[in-house]
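Structural description and commentary
The chain contents come next:
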Amino acid sequence: MDDKIKVVPAGLQRIGVVLDGLVIRRVFSDHPAEEVGLRIGDRLISVDSQTVSTMEEARQHLITHSKTPLPVDLVVARGDTTLSFRQVPRRTFEIPYVESRIRDGVAYFKLFGFADSALDQWRDHLRRLPLEETNGLIIDLRGTQSGY
């Protein structure tokens, strides 16, 4: 399996990151990874004392189907520093595929992927933003890893 950015199905227990190989490319707000201080650019070295050398190995250790998952211990490289994160909880959450905001009269939508729930999330963002107050729209598809 190649080491491209992968998105896992909803309903699994996870810490709240998107990996590109072993490098964290996205940290979801209000999820365990952010709460313990993991950052974009951190590179996974080990998960629960198991050295990981591929994204698939990391995912196998990070994600669980258990309804009562145990916390996970992580070691990451951040620049020249090695950091340990102990007892990082795993939780079930729906991956947010859409972010939106309005700034200076311009609506900005960022789409992170084309999954089953992305369309509903897109519609929800459209309903919540006061688009009548905008004079421009930017739709950012750079993070989608296109395909569908």
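Relevant structure appears above.
Rules behind the numbers
Each chain carries its own residue numbering, running from 1 in the written order of its sequence. In keeping with the model being predicted, local features are shown solely for residues with a pLDDT of at least 70 and side-chain atom pairs are shown and tallied solely at 80 or more, while totals for entire chains, interfaces and linings include all residues. With hydrogens and water stripped out, all remaining heavy atoms of the structure feed into the side-chain values. Here a Phe, Tyr or Trp ring, Trp counted by its six-membered ring, pairs with any other such ring whose centre lies within 6.5 Å, and the pair is stacked when the planes are under 30 degrees apart, edge-to-face when over 60, and tilted otherwise. Going along the chain from the N terminus, every DSSP run of H or I of four or more residues is numbered as a helix, and every run of E of two or more is numbered as a strand. Relative accessibility thresholds used throughout: buried, under 20% of the residue-type maximum; exposed, over 50%; partly exposed, between the two (1.4 Å probe, protein chains only).

1. Observations regarding the packing of aromatic side chains
Throughout the structure, instances matching the rule amount to one aromatic pair. With centroids separated by 4.8 Å and ring planes inclined at 40°, the aromatic side chains of Phe109 and Trp122 adopt a geometry described as tilted. With Phe109 in strand E10 (residues 106-111) and Trp122 in helix H3 (residues 118-128), this pair connects stretches of sequence that are 13 residues apart. Of the two residues, Phe109 and Trp122, both sit in the buried class.

2. A look at unusual backbone geometry
What you tend to see is this: most non-glycine residues have negative phi, and most peptide bonds are trans. With phi around 50°, Asp48 is a residue other than glycine that occupies positive phi space. Turning to its location among the elements, Asp48 is positioned in the loop between strand E4 (43-47) and strand E5 (50-51). The phi dihedral of Asp104 is positive, around 55°, even though this residue is not glycine. Mapped onto the fold, Asp104 is located in the loop between strand E9 (98-103) and E10. Classification of Asp104 by relative accessible area gives exposed; the value is 71%.

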